[in-house]
Amino acid sequence: AVVSTQSTGDRVREVLEKHSKFVSYPILLEGTQVNTVEPVWVRRSSDVTEEEHSELYQSLSGRKDNPLYSMQFSVDSPVSIKCVLYVPQYMPQIDLTNMANFGISLYSRKVMVQPRNPKLLPEWLMFLQGVVDSEDVPLNLSREILQESVIVSKIKSVITGKMLAFLNRQSKRDPEKYLTFFREFGRFIRIGIITTESQTEREDLGRLLRFESSKEEPGVLISLEQYLERTPEDQKQIFYLSAPSREIALASPYYESLSDQGSEVLLTFNKEDDIAL
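Let us look at the structure shown here. (Residues numbered from 1 in each chain as written. Predicted model: local features only at pLDDT ≥ 70, side-chain atom pairs only at ≥ 80, totals over all residues. Heavy atoms only, no water.)

Let us look at the environment of Leu209. Along the chain, Leu209 turns up in the loop between helix H6 (199-206) and strand S8 (211-213). On the basis of relative accessibility, which here comes to 1%, the residue Leu209 falls in the buried class. Not counting residues up to four positions away in its chain, the partners in contact with Leu209 are Phe182, Ile189, Arg190, Ile193, Ile222, Ser223, Leu224 and Ala276. (Helix = DSSP H or I, 4+ residues; strand = E, 2+ residues; numbered from the N terminus. Buried < 20%, exposed > 50% of the residue type's maximum accessible area, 1.4 Å probe, protein only. Contact = heavy atoms within 4.5 Å.)

Take a look at the structure:
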């Protein structure tokens with residue numbers, strides 16, 4: 001078959017943009033540069049604008065909204081990585097039966113190794129978009145070996161810890177913005193508590209939970225930390241009541257008994273909250 005110069009050039013451009021868009025030297029195709037020499041994640045976070053973060057997020061996600069949160073970091077131990085992660089404004093459509101449909105992009109020395117690797121994230125962070133670049137990842141590893149790689153496991157551990165710390169900081173720095181996040185992605189926090197095998201991670205995730213309270217107006221959410229700060233010193237339990245709605249919960253005889261004692265009761269409206277608590 002005869003392949004036209006135009007179609008060959010288009011195919012070459014597609015391959016270059018997919019795998020070598022961010023290599024360290026300019027790549028010219030028919031006189032036009034097709035790569036970005038300095039990708040966002042290798043630059044100092046203070047030098048990256050919100051517009052640049054939005055552009056990369058939209059390129060990775062295929063969406064037109066801007067990220068709710070952007071997080072950029074680099075570490076040298078236990079594995080050398082440079083990473084940028086984005087939390088969407090709203091929950092994307094996620095097929096829980098097909099893990100290959102989510103994950104962040106894996107690069108090695110600014111060369112893409114995999115466009116999506118679900119093993120780089122715990123299940124509760126499946127909504128993230130982003131890039132992780134590690135010099136410790138060999139370029140010649142097969143996809144199957146990468147999935148079970150110790151390096152990938154270490155990267156996952158670092159990302160999980162960094163994101164937990166980041167969300168905890170954001171919840172204190174801007175509580176209203178964090179509540180926007182929690183109302184959209186709170187289900188994933190609960191999934192993390194239920195599925196993680198790490199007690200430390202479970203406790204960190206617990207700090208990110210928010211609940212309605214019998215002593216707050218409808219729709220107002222509080223943390224477990226706020227609840228515990230308000231409990232009497234002699235109270236050793238967390239009182240919570242699960243019901244389909246706030247109205248049904250407050251009409252319950254169980255609530256009436258606790259209310260008569262002056263106790264604050266957390267109100268939960270889904271089974272995942274019950275398991276998480």
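All right, on to the pairing of strand S4 (residues 81-87) then. For S4, the buried fraction is high: 6 of the 7 residues fall into the buried class. Here strand S3 (residues 69-75) runs beside S4; their pairing, made up of 7 bridges, is antiparallel. What sits directly across from Ser70, in S4, is Tyr86. Between S3 and S4, which pair antiparallel and follow one another directly, the connecting turn spans 5 residues. (Pairing = 2+ DSSP bridges.)

So, on to the pairing of strand S7 (residues 129-133). Most of S7 sits inside the fold, with 5 of its 5 residues counted as buried. By the alternation rule, side chains of S7 split into Gln129, Val131 and Asp133 and Gly130 and Val132, which are all buried. One ladder, built from 5 bridges, connects S4 with S7; its direction is antiparallel. In the sheet register, Tyr86 faces S7, and the bridge partner there is Gln129.

Attention shifts here to the packing of aromatic side chains. The description of an aromatic ring pair rests on the distance of the ring centres and on the angle between the ring planes. Per the stated rule, a full pass over the model turns up 11 aromatic pairs. Between the NZ or CZ atom of Arg63 and the centre of the ring of Tyr90, over which it lies, the distance is 3.9 Å. (Phe/Tyr/Trp six-rings, centres within 6.5 Å; stacked < 30°, edge-to-face > 60°. Lys NZ or Arg CZ within 6 Å of the ring centre and 35° of its normal.)

Once that is clear, we can look at unusual backbone geometry. In this model, Ser77 is joined to Pro78 through a cis peptide bond whose omega is 5°. Take Pro78: it is sitting in the loop between S3 and S4. With a phi close to 70°, Lys110 is a non-glycine residue in the positive phi region. Positionally, Lys110 belongs in the loop between strand S5 (104-108) and strand S6 (111-117).

Time to look at the packing of helix H4 (residues 150-173) against helix H5 (residues 175-195). Each pair of packed helices can be described by the angle between their axes along with the distance between the axes. One way to put it is that H4 packs onto H5 with a least axis distance of 5 Å and a crossing angle of 130°. If you check the angle between H4 and H5, you find them oblique. On H5, the residues touching Leu167, Gln170, Ser171, Lys172 and Arg173 of H4 are Pro175, Tyr178 and Phe181. A class-by-class count of the residues in the contact of H4 with H5 yields 4 nonpolar, 2 polar and 2 charged. (Axes fitted to C-alpha atoms, helices over the stretch in contact; angles between N-to-C directions. Parallel < 35°, antiparallel > 145°, perpendicular 65-115°, else oblique. Nonpolar A, V, L, I, M, F, W, Y, C, P; charged D, E, K, R; others polar.)

This paragraph deals with the pattern of salt bridges. Taken as a whole and judged by the stated rule, the model has 9 salt bridges. Of the charged contacts in the structure, one is a salt bridge between Asp273 and Arg190, with a shortest N-O distance of 2.7 Å. With Asp273 in helix H10 (residues 271-276) and Arg190 in helix H5, this residue pair connects regions lying 83 residues apart in the sequence. Of the residues examined, Asp273 reaches a relative accessible area of 4% and is grouped as buried. Measuring nitrogen to oxygen at the nearest pair gives 2.3 Å for the salt bridge that ties Glu264 to Arg230. With Glu264 in the loop between helix H9 (253-260) and strand S11 (266-268) and Arg230 in helix H7 (residues 224-230), this pair connects stretches of sequence that are 34 residues apart. Classification of Glu264 by relative accessible area gives buried; the value is 6%. Taken together, the shared-partner salt bridges connect Glu216, Arg230 and Glu264 into one network. (Salt bridge = Lys/Arg side-chain N within 4 Å of Asp/Glu carboxyl O.)

A few words now on the sheet that holds S4. Taken together, 5 strands build an open sheet; the order of strands is S3-S4-S7-S5-S6 and the sheet is mixed. A single partner strand is all that each edge strand has here, and the edge strands are S3 and S6. Ignoring which end each strand starts from, the neighbouring axes of this sheet average 15° apart. Strands S3, S4, S5, S6 and S7 of the sheet are contacted by helix H2 (residues 50-61), whose axis makes an angle of about 80° with S4.

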